[in-house]
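Residue-level listing of the chains:
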Protein chains: 2
Amino acid sequence: MKIIVDAMGGDKAPGEIVSGALRAANESGVEIVLCGRGEDILRVIEGMGLGELPRGIEIVDASEVIDMNDDPANAVRLKKDSSLAVAFGLLRDGRGDALVSAGSTGAILSGATLIVKRVRGVRRAALAPVIPNTNGGFVLVDCGANSECTAEYLYQFAFMGSIYAEDVLMLKTPRVGLLNNGVERTKGTPLQLETYTLLEKADQEGLINFVGNIEAKDAMKGACDVLVCDGFTGNVLLKSLEGMASLIISELKTIFSNNWRSKFSAVIIKKSMSELKAKMSPDSIGGTALLGITKPVIKAHGSSDAEAISNAVRQAAKAAETNISSHLESIVTRMKTE
Amino acid sequence: MKIIVDAMGGDKAPGEIVSGALRAANESGVEIVLCGRGEDILRVIEGMGLGELPRGIEIVDASEVIDMNDDPANAVRLKKDSSLAVAFGLLRDGRGDALVSAGSTGAILSGATLIVKRVRGVRRAALAPVIPNTNGGFVLVDCGANSECTAEYLYQFAFMGSIYAEDVLMLKTPRVGLLNNGVERTKGTPLQLETYTLLEKADQEGLINFVGNIEAKDAMKGACDVLVCDGFTGNVLLKSLEGMASLIISELKTIFSNNWRSKFSAVIIKKSMSELKAKMSPDSIGGTALLGITKPVIKAHGSSDAEAISNAVRQAAKAAETNISSHLESIVTRMKTE
């Protein structure tokens, strides 16, 4: 199993990226291809006290870096020797089994679509993070790749999310919910109404396990394993969760530093609190899968540290191991709405 | 100041509703009109150990109750003697200054629009809860009255939210943000793009204080005082916040009951934790204002207890006192998009 890592993408690149990739290699035995400025990467490896390139680690030189000033939609076309464009080229050519990048979402999306391509028959690739809930987690699809969606896109997201939940989260017949502003079938905009009809039909035909409209708060209580929505709404959902989690964590900090008694209390439960914080953090899961592409692509959070990258590499290895892309190809004909 | 209270609306009606209304009357000196089945209301008052109707409390009999089986859009038309329809009639006729109901959102919305009417020139009424954030709170408008919106609706929501923030939250030149999936002006769907242009123009003309696109997580950090969005997205945002808050609170409960040490720790910070929980709860604020109606209408949470109703009555009194509806009428000509 060989994972291609964009060593130059992300706020903490290349240091934390290289370090996280090496950690994953060391702990789980995957091979790594580090893509980026060779000198910079070697400097990080030297800085880690490693005299030579560890076994199973390869460097592929790429002179350019996609940064915040680049137009995401055109970045991989204009910067052909960027770490991300080269990494996607390697993935397309079979020089690795999956790709991890903490770079710009837009650039990853266009790179994956232009260089590696979507599975034939898939209308749109979708970003699918696993959101922590009382039940372990659910797959949110789409969380921001497609601001505007048709019912057909959402219909396909349901299938792609199901496959991901089956193969990577190891769930049998995952429960698919449609994100809505109420549970009644008459709820939502025409997009939700139309999607509901399509998903209901697919459920009746035994193609997916559709459990109806789901509200965000119920998804957090474990009401479904896959939550389908357009990318605009999914993005708002994700950022709302992040916002509330950080608000509560900052309030807790204030509570625990109130006086010596509360500080004492904080010491007692320090470990549990760190675990809770980690559980609520996007980095704990590793990254967000980009579904619908012919090869597994994992987008790590822009602020990823070594720990997050190491988790993302493991997640990519799992997606490649279970052959999620072939699974999608094998059922894509069932994903047609007509 | 006289507040009309729908005594029969809500999961805990009439007991908690009547009790909350009486509490507000007792503590803040407002007069109350309780609308609903007279016998039921009197029984609650007797149950509170009160021999006779306290001064400033009036009962207006209404024989019917709108329940979950009624179609919200037609309920007030079909049940003319329901507590909600009668309450709205009293408000229209000037028998009270504002209305509070914990009944069905849809029935409140259609009752307010059909019986009390929108301010002339306002396209759609909107639900505007105050969401707790690091800055005290922001007004979210719309959180669910209008699933489908045009840019003109959103434009008007910005003005209505501003007025509410000024008059009820006492903020000078409140900062208005447009909810989006990124801060760049090119973000979002055509709805956000078109709304951005309108709001920017209104800002340049000095009509509102538009601070641009805002992500949900930044609104939670205090980036704006008014957050404008369509009702579908606003509803998802609200329910996502609720979902994350209850997930973390349940995780904290687990942490604190782990062992005797953590239980001991819990005792120390018990008071602060209850305060935090209350702060994150929708009931602490009282209710959600329905903006754009000629008289103040406050929708309390369906699960409201006496405390929540008492807060909602105070909020209604504040909206009536500051004459928010007249304020809206006075600027409605400026809310035209052409």
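Right above here is the structure, for reference.
All values derive from a computational prediction rather than experimental measurement.

S.K.: Quick question: what am I supposed to make of the sheet that holds strand 12 (residues 297-300) of chain B here?
M.R.: Two strands in a sheet stick together by hydrogen bonds in their backbones, pointing the same way (parallel) or opposite ways (antiparallel). Residues and elements named next belong to chain B. Read from one edge to the other, the open sheet built from seven strands follows the order 3-2-1-4-12-11-5, with strand pairing classed as mixed. A single partner strand is all that each edge strand has here, and the edge strands are strand 3 (57-61) and strand 5 (126-128). The mean angle between the axes of side-by-side strands here comes to 25°, regardless of whether they run parallel or antiparallel. Relative to strand 3, strand 2 (residues 31-36) runs parallel, the two being bridged by five bridges. Bridge pairing in strand 3 places C35 opposite V60.

S.K.: Can you walk me through a nonpolar patch on the surface in this structure?
M.R.: A contiguous nonpolar surface patch, about 550 Å² in accessible area, is contributed by W260(A), F264(A), W260(B) and F264(B). Elements supplying a minimum of two residues to the nonpolar patch: helix 10 (260-268) of chain A together with helix 10 (260-268) of chain B. Taking the relative accessible area as the measure of exposure, W260(A) reaches 63% and is therefore exposed.

S.K.: What is the right way to look at the interface of chain A and chain B in this model?
M.R.: For an interface, size is often stated in terms of accessible area lost upon the parts coming together. Taken together, the 49 residues of chain A in the interface contact 49 residues of chain B. Approximately 4,300 Å² of surface area, both sides summed, lies buried where chain A meets chain B, with 75% of it carried by carbon and sulfur atoms. Counting across the interface, chain A meets chain B through three salt bridges. Among the salt bridges present, the one from K239(A) reaches E215(B), with a minimum N-O distance of 2.1 Å. Taken together, chain A and chain B are joined by six residue pairs in polar contact (both at pLDDT 80 or more). Sorting the residues of the side of chain A that touches chain B by element identifies helix 7 (190-204), helix 8 (216-220), helix 9 (231-256), helix 10 and helix 11 (270-280) of chain A as the ones contributing at least two each. Sorting elements by how many residues they give to the side of chain A that touches chain B places helix 9 of chain A first, with 20 residues. Residue composition of the side of chain A that touches chain B, grouped by class: 22 nonpolar, 18 polar and nine charged.

S.K.: Would you explain the relation of the copies chain A and chain B in this entry?
M.R.: The two chain copies are connected by a rotation around an axis plus a translation along it. Relative to chain B, chain A is turned by 180° and slid 0.0 Å along the rotation axis, the superposed coordinates differing by an RMSD of 0.0 Å. Taken together, the rotation angle and the small translation identify this as a two-fold axis. Rotation axis and chain A: the residue whose C-alpha lies nearest the axis is S265(A), separated from it by 2.3 Å.

S.K.: Please explain the packing of helix 11 of chain A against helix 9 (residues 231-256) of chain B as it appears in this structure.
M.R.: Packed helices, taken two at a time, are described by the angle between their axes plus the distance between the axes. At a minimum axis distance of 11 Å, the contact between helix 11 of chain A and helix 9 of chain B shows a crossing angle of 155°. One way to sum up the angle between helix 11 of chain A and helix 9 of chain B is to call them roughly antiparallel. For helix 11 of chain A against helix 9 of chain B, the interelement crossing comes out right-handed. Packed against helix 11 of chain A, whose contacting residues are S272(A), M273(A), L276(A), K279(A) and M280(A), the element helix 9 of chain B presents M244(B), L247(B), I248(B), E251(B), L252(B) and I255(B) at the interface. Its residues assigned to classes, the contact of helix 11 of chain A with helix 9 of chain B shows eight nonpolar, one polar and two charged.

S.K.: Hey, could you run me through the side chain of T195(B) in this one?
M.R.: All names here are of chain B. For T195, the position within the fold is in helix 7 (residues 190-204). Classification of T195 by relative accessible area gives buried; the value is 0%. Within the structure, the side chain of T195 is placed 2.6 Å from the backbone oxygen of L191, a separation counted as a polar contact. Beyond its immediate stretch of four places on either side in the chain, T195 contacts A151, L154, Y155 and L178.

S.K.: Help me understand the nonpolar core, please; the structure alone is not making it clear to me.
M.R.: Across soluble globular proteins, nonpolar side chains show a tendency to be buried alongside one another. Counting 114 residues, the largest nonpolar core has F88(A) and F88(B) as the members making the most contacts within it. In this structure, F88(B) is in contact with L99(B), I108(B), G111(B), A112(B), I115(B), V116(B) and V297(B), ignoring residues within four places of it in sequence. Counting residues in hydrophobic clusters, the runner-up holds 67 residues, among them Y153(B), I163(B), I298(B) and A316(B).

S.K.: Would you mind going over the sheet that holds strand 10 (residues 226-228) of chain B with me for this structure?
M.R.: Residue and element names in this part refer to chain B. Strand order across the open sheet formed by five strands is 6-7-10-8-9, with mixed pairing between neighbours. Looking along the sheet, the strands with just one partner apiece sit at the ends: strand 6 (130-131) and strand 9 (209-214). In this structure, strand 8 (residues 175-179) lies alongside strand 10, joined through three bridges in parallel fashion. Bridge assignment links L178 to a residue of strand 10, and that residue is V228. Relative to the sheet, helix 7 contacts strand 8 and strand 9, its axis offset from that of strand 9 by approximately 155°. Against the sheet, helix 9 engages strand 6, strand 7 (138-141), strand 8 and strand 10, with an angle of about 135° to strand 7.

S.K.: Would you explain the state of the cysteines in this entry?
M.R.: Disulfides are covalent bonds that link the sulfur atoms of two cysteine residues. Residues and elements named next belong to chain A. Overall, the coordinates contain zero disulfides over all chains when judged by the stated rule. Left unpaired, C143 is separated from the closest cysteine sulfur, that of C229, by 8.3 Å. The cysteine C224 is free of any disulfide, with C229 supplying the nearest cysteine sulfur at 10 Å.

S.K.: I'm lost on the pattern of salt bridges in this one. Help?
M.R.: Where charged atoms from two side chains of opposite charge approach closely, those side chains can pair. Throughout the structure, instances matching the rule amount to 29 salt bridges over all chains. Between E58(A) and K2(A) there is a salt bridge, with the nearest N and O atoms lying 3.3 Å from each other. One end of the pair, E58(A), is in strand 3 (residues 57-61); the other, K2(A), is in strand 1 (residues 2-6), with 56 residues separating them in the sequence. Close ionic contact of R123(B) with E152(B) constitutes a salt bridge, the shortest N to O distance being 2.9 Å. Separated by 29 residues along the polypeptide, R123(B) in the loop between helix 5 (105-116) and strand 5 and E152(B) in helix 6 (residues 151-167) bring together distant segments of the chain. Given the relative accessible area of 42%, R123(B) is considered partly exposed. What emerges from the salt-bridge pattern is a single network uniting R37(A), E39(A), D40(A) and R43(A).

S.K.: Would you take a moment to explain the side chain of N181(A) for this structure?
M.R.: For N181(A), the location among the structural elements is in the loop between strand 8 (175-179) and helix 7. A polar contact of 3.2 Å, which involves the side chain of N181(A), links it to the backbone nitrogen of G188(A). Looking at N181(A), its side chain comes within polar contact range of the side chain of S147(B), at 3.0 Å. Residues within four places of N181(A) in sequence aside, it is in contact with K187(A), G188(A), E215(A), S147(B), F232(B), N235(B) and K239(B).

S.K.: What is the right way to look at the environment of G47(B) in this model?
M.R.: All names here are of chain B. On the secondary structure map, G47 appears in helix 2 (residues 38-47). With a relative accessible area of 68%, G47 lands in the exposed category. For the pair G47 and E215, spaced 168 residues apart in sequence, the C-alpha separation works out to 48 Å.

Criteria and cut-off values
Residues numbered from 1 in each chain as written. Chains lettered and ligands numbered in written order. Predicted model: local features only at pLDDT ≥ 70, side-chain atom pairs only at ≥ 80, totals over all residues. Heavy atoms only, no water. Pairing = 2+ DSSP bridges. Helix = DSSP H or I, 4+ residues; strand = E, 2+ residues; numbered from the N terminus. Axes fitted to C-alpha atoms, helices over the stretch in contact; angles between N-to-C directions. Patch = residues over 30% accessible without salt bridge, like charges linked within 9 Å, V, L, I, M, F, W, Y side chains within 5 Å. Areas by Shrake-Rupley, 256 points an atom, 1.4 Å probe, with all protein chains shown as cover. Salt bridge = Lys/Arg side-chain N within 4 Å of Asp/Glu carboxyl O. Buried < 20%, exposed > 50% of the residue type's maximum accessible area, 1.4 Å probe, protein only. Contact = heavy atoms within 4.5 Å. Buried area = accessible area lost by both parts, 1.4 Å probe. Polar contact = N/O pair within 3.5 Å; in protein donor to acceptor, adjacent residues only side chain to side chain. Nonpolar A, V, L, I, M, F, W, Y, C, P; charged D, E, K, R; others polar. Least-squares fit on C-alpha atoms with pLDDT ≥ 70 in both. Parallel < 35°, antiparallel > 145°, perpendicular 65-115°, else oblique. Left-handed = near helix turned anticlockwise from the far one by under 90°. Core = buried A, V, L, I, M, F, W, Y, C linked by side-chain atoms within 4.5 Å. Disulfide = S-S within 2.5 Å.

Just geometry here; none of it tells us what the structure is for.
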